[in-house]
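Inside the fold
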Amino acid sequence: VVPARHAAANPLRQPRLAPRSAAPAGRRSLVTKAVKVADHTEARQYIDTRHHAHIHNHREYEEMYKRSIEDPNDFWREIAMSNFHWETPIPEQHHSHNFDVKKGPISTEWFKGGRTNIAYNCLDRHVKEGHGAQPCFLFEGNDPGRDGVVTYEEVLKEVCRVSNWLWSVGVKKGDSVAIYMPMVCELPIAMLACARIGAVHSVVFGGFSSDALASRIEDCKARVLITCNAVKRGTKSIVLKKIADQGCDIAKQQGFTVEHCLVYANEDATSKEATNMVAGRDIFWQDAIPKQADEAEVEWMDSEDTLFFLYTSGSTGKPKGVVHTTGGFMVYAATTCKYTFAMQPGDVYWCTADCGWITGHSYLAYGPLLNRATQVVFEGVPTHPDAGRCWQVVEKYQVKQFYTAPTAIRSLMRSGEEWVRKHDRSSLRVLGSVGEPINPEAWRWYHEVVGEGRCPIVDTWWQTETAGHMITNLPAAWPEKPGSASLPFFGVKPVIVDEKGNELEGECEGYLCIKQSWPSNIRTVYGDHERYETTYFAAFPGYYFSGDGARRDKDGYYWITGRVDDVINVSGHRIGTAEVESALVAHPQCAEAAVVGYEHPVKGQGIWAYVTLLEGVEYDDKLKKELVMSVREQIGAFAAPDVIHWAPGMPKTRSGKIMRRVLRKIAAFEEDQLGDTSTLADPGVVQQLLELRGK
Ligand code: WTA
């Protein structure tokens, strides 16, 4: 190839924030702006896109949507049977679910009894149908000029070789394999190789630290790790292998041994010779893989066999291993990809997400391949070597669908329009947004400057747990409102409930829940079904609770108002405040920490950390740096606090609970709206914190 704590103290049993009034500061104001300036962008104007879309207008959508909700069993079976290969056909009755904790254990099954393989559907199927010579990946390296093309047939062969290697080291169906790699084509290839033999992949984002890698390896018991020696991101070189080695060492100290480590040599970043290799454990991809046969057996999987684990942050405790299964994930990722991006086979598509996050799973490694797209795999960052890189790549490959996060748009917006206008973007047809609410200013810039008003914007709301788009507009099918994800996808029944769990009708605001199962809803939390039930189903019995707040307007459009729990969304990365707090408290001089999100002009939300030091320790700048370092080491650079706010005292209630509402208001410079502070054990703390802000 070319180059916890949960059961007893369930935080959700009593949702702690009243919608609107107490939503996290940063989030709420973004959305408030959206409401004020909302306008309609008529769907009629998108002439080019409409020719290619699968749904042409609201009426077509409504008919199909109605059927998907009324008869999900048949609706999805028909799609699954007609668009995918099943080695054993799906039985007529294949679906069941229980979302109500009062009726017994939470469970979901889709296409049960049908046997398939997602890697076969991504690759073999297309090659057998004569499309082997179609480009599959267009690789674009960190530095311009480092690039290359691989066809579907070549990817299939490489996947088979990696599958054979996995077999040769004893990996069997159901075993976990950890993958810790940068965005080179070998990352999705490694995922597909696992899927082909029924191994469960657990991809760990390359920006995570050795501690974070170790805890994920241990949790899912991955005896095999696939990694890379190093990577260049912009002008920086990161020696990934060193972090991987440390991760393996940490796991070993805890009693878990990684037995085999396959190391892709990314010669652009560092040489093989300069790479530390552990004898008996490590082998280079380039030495091991070319020796393997380029054909491999396919493991036919029951639809409900596990496909992957992906760890994600929640309100409390350590990250959860979200479990997704084979058939439901395959059908839902592919179908959303097709409709949301108006995707046709052969389209050149580019998703800038990393495979370490769910977006890279559903809309890079799997969805586009299931639709036989040709896709750009980009190793670098949008601002290297300059702020025109994305548009230069769009022009170079004639990209039709471009999918990115609002944070990237906001950062490019700051560099100015000239970087965009320098490059021809006439190939673009659909622009996608994911990961956080898109503020109308960024929406307009994306729409008018990048898309020249020709391209609909699909604002896709979804989550690691949902594995696919849940609320999104379909291109050119109905008018857009900047800042609203608009209407639910087929098979998705969103509801907005109040704090008691009553469904609200019409125009309303409250907690966003989903009423019935869809093919790729989270099946469980790996190794902790009880935590799964508590986190997602206990707060509002009968519903899947998303953790987000939402508003529904008079046209039935949904506006996501942001998380109502202690999760913050930094540059589209989901971070639990509890994780950052525990990384801070791990510093020997830190007595207590409380972390909140605040509105950040580029990242969406930034991390604001209040820190109390041990008695007698002096508050100084050196310590601030050490505290930030502690978070970088334990989680990763992307979770580093933006602000450390010294807090000799925290605003606590008499029972000792930190009043986060007060901390959010101080971070938002909204101290005039602190609300009732009379229940604080020591109301003087607030004044002290205000004095220390910025110090
Ligand atoms: C937020 C990323 C508003 C939301 C796919 C959700 C969004 C969390 C949007 C999931 C959007 C994602 N508009 N908010 N279009 N997309 N979110 O698991 O708060 O990394 O709960 O999945 O991101 O983040 P996750």
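Bear in mind the structure is a predicted one, so any value in this text is a computation, not a measurement. (Residues numbered from 1 in each chain as written. Predicted model: local features only at pLDDT ≥ 70, side-chain atom pairs only at ≥ 80, totals over all residues. Heavy atoms only, no water.)

1. Some thoughts on the overall build of the chain
Counting its secondary structure elements, the chain contains 21 helices and 30 strands. In summary, the chain has a C-alpha radius of gyration of 24 Å against a globular reference of 26 Å for 695 residues, a match within 12%. Its C-alpha atoms put the chain at 75 × 65 × 60 Å along the principal axes. With 695 residues in all, the chain has 64% of them scored as buried. Within the structure as shown, the chain displays about 24800 Å² of accessible surface, and the carbon and sulfur contribution to it stands at 50%. One finds the centroid of the 78 positive side-chain charges in the chain at a distance of 2 Å from the centroid of its 88 negative side-chain charges. (Helix = DSSP H or I, 4+ residues; strand = E, 2+ residues; numbered from the N terminus. Rg over C-alpha atoms; globule rule 2.2 N^0.38 Å. Buried < 20%, exposed > 50% of the residue type's maximum accessible area, 1.4 Å probe, protein only. Areas by Shrake-Rupley, 256 points an atom, 1.4 Å probe, with all protein chains shown as cover. Lys, Arg positive; Asp, Glu negative; His and termini not counted. Charge placed at Lys NZ, Arg CZ, Asp CG, Glu CD.)

2. Digging into the site of the ligand
Of all residues adjacent to the ligand, which total 17 residues, the nearest are D459, T460, T464, D548 and R574. In the model, a nitrogen atom of the ligand is placed 2.7 Å from a nitrogen or oxygen of the T460 main chain. R563 places a side-chain nitrogen or oxygen 2.9 Å from an oxygen atom of the ligand. Grouping the constituent residues of the shell around the ligand by class yields six nonpolar, six polar and five charged. (Near = heavy atom within 4 Å. Polar contact = N/O pair within 3.5 Å; in protein donor to acceptor, adjacent residues only side chain to side chain. Nonpolar A, V, L, I, M, F, W, Y, C, P; charged D, E, K, R; others polar.)

3. Brief notes about the sheet that holds strand β25 (residues 558-563)
Pairing in this open sheet of four strands is antiparallel, and the strands run β21-β22-β24-β25 from one edge to the other. Lying at the two open borders of the sheet, with one neighbouring strand each, are β21 (494-497) and β25. When the angles between neighbouring strand axes are averaged without regard to direction, this sheet yields 45°. (Pairing = 2+ DSSP bridges. Axes fitted to C-alpha atoms, helices over the stretch in contact; angles between N-to-C directions.)

4. A closer look at the pairing of strand β27 (residues 573-576)
Going residue by residue along β27, you find H573 and I575 tucked away on one face and R574 and G576 tucked away on the opposite face as well. As paired strands, strand β26 (residues 567-570) and β27 are joined by four bridges and run antiparallel to one another. Of the residues in β27, the one forming a bridge with V567 is G576.

5. Some remarks on the nonpolar core
As a rule of thumb, nonpolar side chains are buried together in soluble globular proteins. If you look at the biggest cluster of nonpolar residues, it comprises 167 residues, and the most contacted ones within it are L166, I179, W285, Y366, F490 and L584. Counting residues per element, this core draws most heavily on helix α7 (residues 186-197), which supplies nine residues. Aside from chain neighbours lying at most four places away, what touches W285 is E158, V162, M181, E186, I189, A190, I226, L262, V263, Y264 and P290. Membership of the second largest hydrophobic core comes to 27 residues, among which are W350, F378, C390 and C455. (Core = buried A, V, L, I, M, F, W, Y, C linked by side-chain atoms within 4.5 Å. Contact = heavy atoms within 4.5 Å.)

6. Observations concerning the packing of aromatic side chains
What the rule picks out here adds up to 44 aromatic pairs. On the numbers, 6.2 Å between centres and 65° between planes, the contact of Y339 with F489 is edge-to-face. In this pair, Y339 sits in helix α11 (residues 326-340) while F489 sits in the loop between β20 (457-460) and β21, placing the two residues 150 residues apart along the sequence. Ring-pair connections join several aromatic residues into one group, and the members of that group are Y61, Y65, F75, W76, Y332, Y339, W478, F489 and F490. (Phe/Tyr/Trp six-rings, centres within 6.5 Å; stacked < 30°, edge-to-face > 60°.)

7. Digging into unusual backbone geometry
That bond from H384 to P385 is cis: its omega, -5°, falls within 30 degrees of zero. By the secondary structure assignment, P385 is in the loop between β17 (374-378) and α13 (389-397). Its identity as a non-glycine residue notwithstanding, F111 has a phi of 60°, on the positive side. Mapped onto the elements, F111 comes out in the loop between β2 (107-109) and β3 (115-116). F111 gets classed as buried once you look at its relative accessible area, which sits at 0%. The phi dihedral of A342 is positive, around 45°, even though this residue is not glycine. Note that A342 resides in the loop between α11 and β16 (348-351).

8. Quick word on the packing of helix α5 (residues 118-131) against helix α12 (residues 358-370)
Contact geometry for α5 and α12: axes closest at 9 Å, N-to-C directions at 45°. On the basis of the axis angle, α5 is oblique to α12. Both α5 and α12 take part in a crossing whose hand is left-handed. Counted together, I118, N121, C122, L123, R125 and H126 of α5 and A365, Y366, L369 and L370 of α12 form the full contact between these two elements. Residue classes in the contact of α5 with α12 are distributed as seven nonpolar, two polar and one charged. (Parallel < 35°, antiparallel > 145°, perpendicular 65-115°, else oblique. Left-handed = near helix turned anticlockwise from the far one by under 90°.)

9. Topic: the environment of D302
One can find D302 in strand β13 (residues 301-302). Classification of D302 by relative accessible area gives buried; the value is 17%. The spacing of D302 and T88 is 214 residues in sequence and 8.8 Å in space, taken between C-alpha atoms. A distance of 3.2 Å separates the side chain of D302 from the backbone nitrogen of G113, its partner in a polar contact.

10. Observations regarding the environment of F540
Considering the arrangement of structural elements, one finds F540 in the loop between α17 (529-537) and β24 (544-552). When the C-alpha positions of F540 and G501 are compared, they lie 5.3 Å apart, and in sequence the two are 39 residues distant.

11. A word on the environment of V567
Looking at the element boundaries, V567 is found in strand β26. Through-space distance from the C-alpha of V567 to that of E70 is 34 Å; in sequence the pair is 497 residues apart. If sequence neighbours within four positions are ignored, V567 has contacts with S313, G314, S315, R574 and I575.

12. A few points about helix α18 (residues 577-585)
Within α18, seven of the nine residues are buried, leaving the element largely enclosed by the surrounding structure. By the burial criterion, the buried members of α18 are T577, A578, E579, V580, E581, A583 and L584.

13. Examining the sheet that holds β16
Taken in spatial order, the seven strands of this open sheet run β5-β4-β17-β16-β18-β19-β20, and their pairing is mixed. Edge positions in the open sheet fall to β5 (147-151) and β20, since each of these has one partner strand only. Taken pair by pair, the neighbouring strands of this sheet meet at an average axis angle of 20°, ignoring direction. As defined by bridge partners, strand β19 (residues 430-434) adjoins β20 across four bridges and the pair is classed as parallel. Within β20, the residue paired with S433 across the bridge is D459.

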